[in-house]
Amino acid sequence: MDFAVPSAHRTPPPPPLTRGRTALSLTAALAAVAVAVAALLVAPAPRASAAALTPVPSFGTDPGDLSMYAYVPDGLSADAPLVVLLHGCAQDATAYHGHSGWAEHADEHGFALVYPEQKSANNATSCFNWFERGDTARDSGEARSIRSMVEHAVSSHGLDADRVYVSGLSAGGAMAGELLAAYPDLFAGGSIVAGIPVGCASGMIDAFSCMSPGKTRTAQQWGDAVRSKNPGRSGPWPRVAVWHGTSDTTVAPANGEAGVSQWTDVHGLSGGPEATEQLSGSTTAAYHGGDADSAPVAHYTVSGMGHGTPVAPSEGCGTAGAYFLATVCSTGYTVDFWGIGDGNGGPTDPPTEEPTEEPTDPPTEEPGSGVCVTDDNYGHVSAGRAVHRLGRAYAAGSDDPLGLWNVFVTTSVTETSPDYWEHTPGGC
């Protein structure tokens, strides 16, 4: 999922090709970067019977011009936690709610969900503007709008203001990190899925090198990027989980390593993890500064996984789809890490058999849909049929080269296995 695209709603007006409605078509032509376990409780939390994802038309000051959606399970207990969820590019609140598995865990464990949603008027492919300082600084732009949503939800539903968390995918993951840095007094914890370290990019063009190959900085330099948002702060910092697939070709896995380096430095830690464990789905968890219950930073590495949110449909944790990859229940492990689950997000003991890496080649035993689609390369990337790297498009899964990433080059791709697309030179 690509995620650096210009925005258009703040003043004074920025330079051309960075923001503005008049620049959107040219930006598309230039291929502006766009895009990214239920368990029984001893004393079960109330489960929803008729709750639904609901738009909230008015939630307070909104300088970022975002939309708000909320999901509040029926019979939610007083002082329940709140989780803020940030979708990736070319996604929206409904898609993220439907695929990510957060609704099931909210029902099971008794917490509310808030989904900020980007508008295409702000960003050509509906990405959160994680690379624009006017949108990530404390009480500015999109960051301030999301703070307003939190305050509205806490007040309207009697939620626990000390147990507010944020998670996001890709551009949403990058923005989640920015929010944790801007509001360490608002968020108790966060989860950055296939995202970018705080302060990596200073604008749209700079975002290219952040995504791939990533930037090299010392742990202290990364940590300083977080601390600079709240100079002189001596209070506690949020607990942070970083998720990344080892085969992510959209946001280089080096970004996950850098994110861990950043947040361990912020927490005053150095060196390697204190503890590690093997989870399901070929996933390794490394805990820095403690164990799974106490570590301030956790690094979850999913072997063989590409760019997306890890889900586990076989465990009742989300559904597979574009950028929702059937590997492991990241949602369940995340709520357990934050301490708002039941500690049983999935099998936490080492499996009796050595895990095997997820295959990177298409599975031969599972037939694909056979669907062939002809579109421009910009459209292929936006729909998840292709990925973007350094101005060129590649078929998702096979990595077949498709040419320049823009609206002028038209190609055909065929889904030969689930979420595995191959170039079809002769067309559909």
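Refer to the preceding data block for the structure.
Draft legend 1. Broad picture of the overall build of the chain. In terms of regular secondary structure, the chain is built from 11 helices and 18 strands. Looking at the 428 residues of the chain, the share that counts as buried comes to 57%. Accessible surface, the chain: about 16,100 Å² in total, of which carbon and sulfur atoms supply 53%.

Draft legend 2. Highlighting the environment of D336. With respect to the helices and strands, the residue D336 is situated in helix 10 (residues 330-338). On the basis of relative accessible area, D336 is assigned to the buried category, the value being 16%. Each C-alpha atom of the pair D336 and A292 lies 8.6 Å from the other, and the pair is 44 residues apart in sequence.

Draft legend 3. Looking closely at the packing of helix 3 (residues 102-109) against helix 10. Between helix 3 and helix 10, the shortest axis-to-axis distance is 10 Å and the interhelical angle comes to 45 degrees. Compared by their axis directions, helix 3 and helix 10 come out oblique. By crossing handedness, the relation of helix 3 to helix 10 is classed as right-handed. Where helix 3 abuts helix 10, its residues W102, H105 and H109 lie against T331, G332, T334, V335 and W338.

Draft legend 4. Focus on the pairing of strand 5 (residues 164-169). With 6 of its 6 residues buried, strand 5 lies for the most part within the structure. Covered by surrounding structure in strand 5 are V164, V166 and G168 together with Y165, S167 and L169, the residues of both alternating faces. The sheet contact formed by strand 3 (residues 82-86) and strand 5 spans 5 bridges and is parallel. The partner of L85 across the bridge, within strand 5, is S167. Two elements, strand 5 and strand 6 (residues 189-193), share 5 bridges in a ladder whose sense is parallel. For L169, the partnering residue across the bridge sits in strand 6 and is V193.

Draft legend 5. The state of the cysteines, seen in detail. Counted by the stated rule, this structure contains 4 disulfides. Between the sulfur atoms of C89 and its disulfide partner C127 the distance amounts to 1.9 Å. Negative torsions about the S-S bond denote left-handed disulfides, and the value of about 135 degrees found for C89 with C127 makes this one right-handed. Here C89, found in the loop between strand 3 and helix 2 (93-99), pairs with C127, found in the loop between strand 4 (112-117) and helix 4 (133-136); they are 38 residues apart in sequence, far enough to count as distant. The pair C89 / C127 is uniform in exposure class, with both members buried.

Draft legend 6. Layout of unusual backbone geometry. Put simply, S212 and P213 share a cis peptide bond, and its omega is 10 degrees. Along the chain, the position of P213 falls in the loop between helix 7 (204-211) and helix 8 (219-227). Positive phi is not limited to glycine here, since S126 has a value of about 60 degrees. Position of S126 among the secondary structure elements: in the loop between strand 4 and helix 4. With relative accessibility at 17%, the residue S126 sits in the buried group. In the Ramachandran plot, D139 falls in the positive-phi region, its phi being about 60 degrees despite a non-glycine side chain.

Draft legend 7. Region of interest: the packing of helix 8 against helix 9 (residues 254-266). For the pair helix 8 and helix 9, the least separation of the axes is 8 Å and the interaxial angle reads 70 degrees. Viewed along their axes, helix 8 and helix 9 adopt a mutual orientation that is roughly perpendicular. The crossing of helix 8 and helix 9 is right-handed. The segment helix 8 lies against helix 9, with A219, Q220, W222, G223, A225, V226 and R227 engaging A258, S261, Q262, W263, D265 and V266. Here the contact of helix 8 with helix 9 is composed, by residue class, of 7 nonpolar, 4 polar and 2 charged.

Scoring rules and cut-offs
- Residues numbered from 1 in each chain as written.
- Predicted model: local features only at pLDDT ≥ 70, side-chain atom pairs only at ≥ 80, totals over all residues.
- Heavy atoms only, no water.
- Helix = DSSP H or I, 4+ residues; strand = E, 2+ residues; numbered from the N terminus.
- Buried < 20%, exposed > 50% of the residue type's maximum accessible area, 1.4 Å probe, protein only.
- Areas by Shrake-Rupley, 256 points an atom, 1.4 Å probe, with all protein chains shown as cover.
- Axes fitted to C-alpha atoms, helices over the stretch in contact; angles between N-to-C directions.
- Parallel < 35°, antiparallel > 145°, perpendicular 65-115°, else oblique.
- Left-handed = near helix turned anticlockwise from the far one by under 90°.
- Contact = heavy atoms within 4.5 Å.
- Pairing = 2+ DSSP bridges.
- Disulfide = S-S within 2.5 Å.
- Nonpolar A, V, L, I, M, F, W, Y, C, P; charged D, E, K, R; others polar.

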